[in-house]
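A closer look at the structure
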Amino acid sequence: MRIALFGYGKMGQMIEQIARNRGHEIVAKIDENTQDIDFNSMDVAIDFSMPEAAFGNITKCFNNNVPVISGTTGWLDKYEDAITLCNDKKGAFIYASNFSLGVNIFFELNNYLAKMMQNLPEYKVSLEEIHHTQKLDAPSGTAITLAEGVIANSNYSEWKLDNSSDTILPITSKRIGKVPGTHTVDYESVVDRISIKHTAHNREGFALGAVTAAEWIIGKSGVFTMRDVLNLG
Ligand SMILES: NC(=O)c1ccc[n+]([C@@H]2O[C@H](COP(=O)([O-])OP(=O)(O)OC[C@H]3O[C@@H](n4cnc5c(N)ncnc54)[C@H](O)[C@@H]3O)[C@@H](O)[C@H]2O)c1
Ligand SMILES: O=C(O)C1=N[C@H](C(=O)O)CCC1
């Protein structure tokens, strides 16, 4: 495949490494200073840019009939607009807050545990995410996906940063050193604590998942998720 990278930072550079190892060609490395983009040169675009840039990058891809994989987080207020535009343009699109296989299995585990715990109000739920000090958004997109999974299977109605109540699910965000991404979901009672945790050791899992999604989307039309790519039902 001929891959265009929208964003050539930590993730863009890791994706380049994984993609080349899988025999793909990187035909463009696009950043905020790029003026001219040859959309005819690419088979697929992979966007790991910045919250304020993602929707514009995705829109350009739809308008130029290029399938797009977006891993950028912090722009979900525009996600429904992206879906509408993709469908209007008969495009192909996958967004994932986290593309790693391990985290997508963790998402399923989180939903399963939430369902088991939904009639046990003695357990209070909280989420913690830890990332490197260069991360711009908080909470992480992964933590938001985890929170949405708990909310869908419990009496919690919303999530908030550092705020809790019987209906507000608290998320704590920590920024430490070069941490690639650690996510913990805690169920705490006066008797005990049940915790599930995912620890990323590096960015390879994120990048491999994004390249796998790019390979999967070729020839398809529509809006998909990593559950479709990983065939998680
Ligand atoms: N979904 C996942 O699996 C996953 C994994 C890791 C990171 N992320 C997300 O990916 C994004 C990027 O993470 P990162 O660690 O690579 O950040 P980074 O800061 O290292 O890289 C971002 C790059 O985007 C570039 N950029 C800025 N404006 C741009 C524009 N308009 N068009 C194209 N590029 C532009 C910057 O020059 C920078 O090099 C963040 O939102 C992060 O949360 C997602
Ligand atoms: O390094 C980052 O930034 C990450 N962002 C994603 C998120 O916001 O969940 C995925 C984990 C790493």
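Computed from a predicted structure; not experimentally measured. Within each chain, residues carry numbers counting from 1 in the order of the written sequence. Think of it this way: whatever chain is written first is A, whatever ligand is written first is 1, and the rest follow in order. Residue-level local features of this predicted model are given only where pLDDT is at least 70; pairs of side-chain atoms are given and counted only at 80 or more, and the full residue set underlies all totals for whole chains, interfaces and linings. Hydrogens and waters are ignored; side-chain quantities use all the structure's heavy atoms.

1. Structural notes on the pairing of strand 8 (residues 168-175)
Where strand 6 (residues 124-131) meets strand 8, 5 bridges bridge the pair, whose relative direction is parallel. Bridging across to strand 8, I130 finds its partner in K174. Strand pairing is assigned whenever DSSP detects at least two bridges linking the two strands. Here a helix means four or more residues in a row that DSSP labels H or I, a strand means two or more in a row labelled E, and each is numbered from the N terminus. In this sheet, strand 8 lies alongside strand 7 (residues 158-161) in parallel orientation, the contact comprising 4 bridges. Note that in strand 8 the partner of K160 across the bridge is P170.

2. Focus: the layout of surface pockets
Cavity means a closed set of points on a 1 Å grid over the protein atoms alone, one where a 1.4 Å probe fits but cannot get out, pocket means an open set with protein on both sides within 12 Å along at least 5 of 7 lines, and lining means a residue has an atom within 4 Å of a point. Grid points are joined across faces, edges and corners, and a volume is the space filled by probe spheres set on the points. Its boundaries defined by the atoms lining it, the largest pocket holds a volume of some 910 Å³. Partitioned by chemical class, the residues of the lining of the largest pocket number 14 nonpolar, 17 polar and 7 charged. The residues that make up the lining of the largest pocket include at least three from each of domain 1 (2-99 + 204-230) and domain 2 (101-201). Volume-wise, the second largest pocket comes out at about 490 Å³. Just so you know the grouping, Ala, Val, Leu, Ile, Met, Phe, Trp, Tyr, Cys and Pro go in nonpolar, Asp, Glu, Lys and Arg go in charged, and all remaining residues, Gly too, go in polar. What marks off one domain from the next here is an automatic or database domain assignment.

3. So, the domain arrangement of the protein chain
By the assigned domains, the protein chain splits into domain 1 (2-99 + 204-230) and domain 2 (101-201). Distance from the C-alpha centre of domain 1 to the C-alpha centre of domain 2: 26 Å. If you look at the interface, domain 1 gives 12 residues, while domain 2 gives 15 residues. Accessible surface is computed with a 1.4 Å probe, and the buried area is the amount of it that two parts give up when combined, taken over both parts together. In total, about 1,100 Å² of surface goes out of reach between domain 1 and domain 2, with carbon and sulfur atoms giving 55% of it. A side-chain nitrogen of Lys or Arg and a carboxyl oxygen of Asp or Glu constitute a salt bridge if their distance falls within 4 Å. On inspection of domain 1 and its partner domain 2, the count reaches 1 salt bridge. In this structure, E108 and R227 form a salt bridge, with 2.8 Å as the shortest nitrogen-oxygen distance. Throughout this description, a polar contact denotes any pair of N or O atoms lying within 3.5 Å of each other; where both atoms belong to protein, one of them has to be capable of donating a hydrogen while the other can accept it, and for residues adjacent in sequence the pair is counted only when both atoms sit in side chains. Taken together, the connections running from domain 1 to domain 2 amount to 6 residue pairs in polar contact (both at pLDDT 80 or more). Contacts: residue pairs with any heavy atoms within 4.5 Å of one another.

4. Here's the deal with the UniProt feature "binding site: NAD(+)" (unreviewed entry) in the protein chain
UniProt positions are given in the numbering used here, feature names are shortened, and annotations may be inferred rather than shown by experiment. Per the UniProt entry, the sites bearing "binding site: NAD(+)" (unreviewed entry) are E32, G71, T72, T73, A96, S97, N98 and F99 in this numbering. Maximum C-alpha separation among the annotated residues is 23.4 Å over a sequence range of 68 residues, too wide for a single clustered spot. Those annotated residues lining the largest pocket are, specifically, E32, G71, T72, T73, A96, S97, N98 and F99. Looking at where T72 falls in the secondary structure, it is placed in the loop between strand 4 (68-70) and helix 3 (79-88). Of the polar contacts made by the side chain of T72, one reaches the side chain of D47; its length is 2.7 Å.

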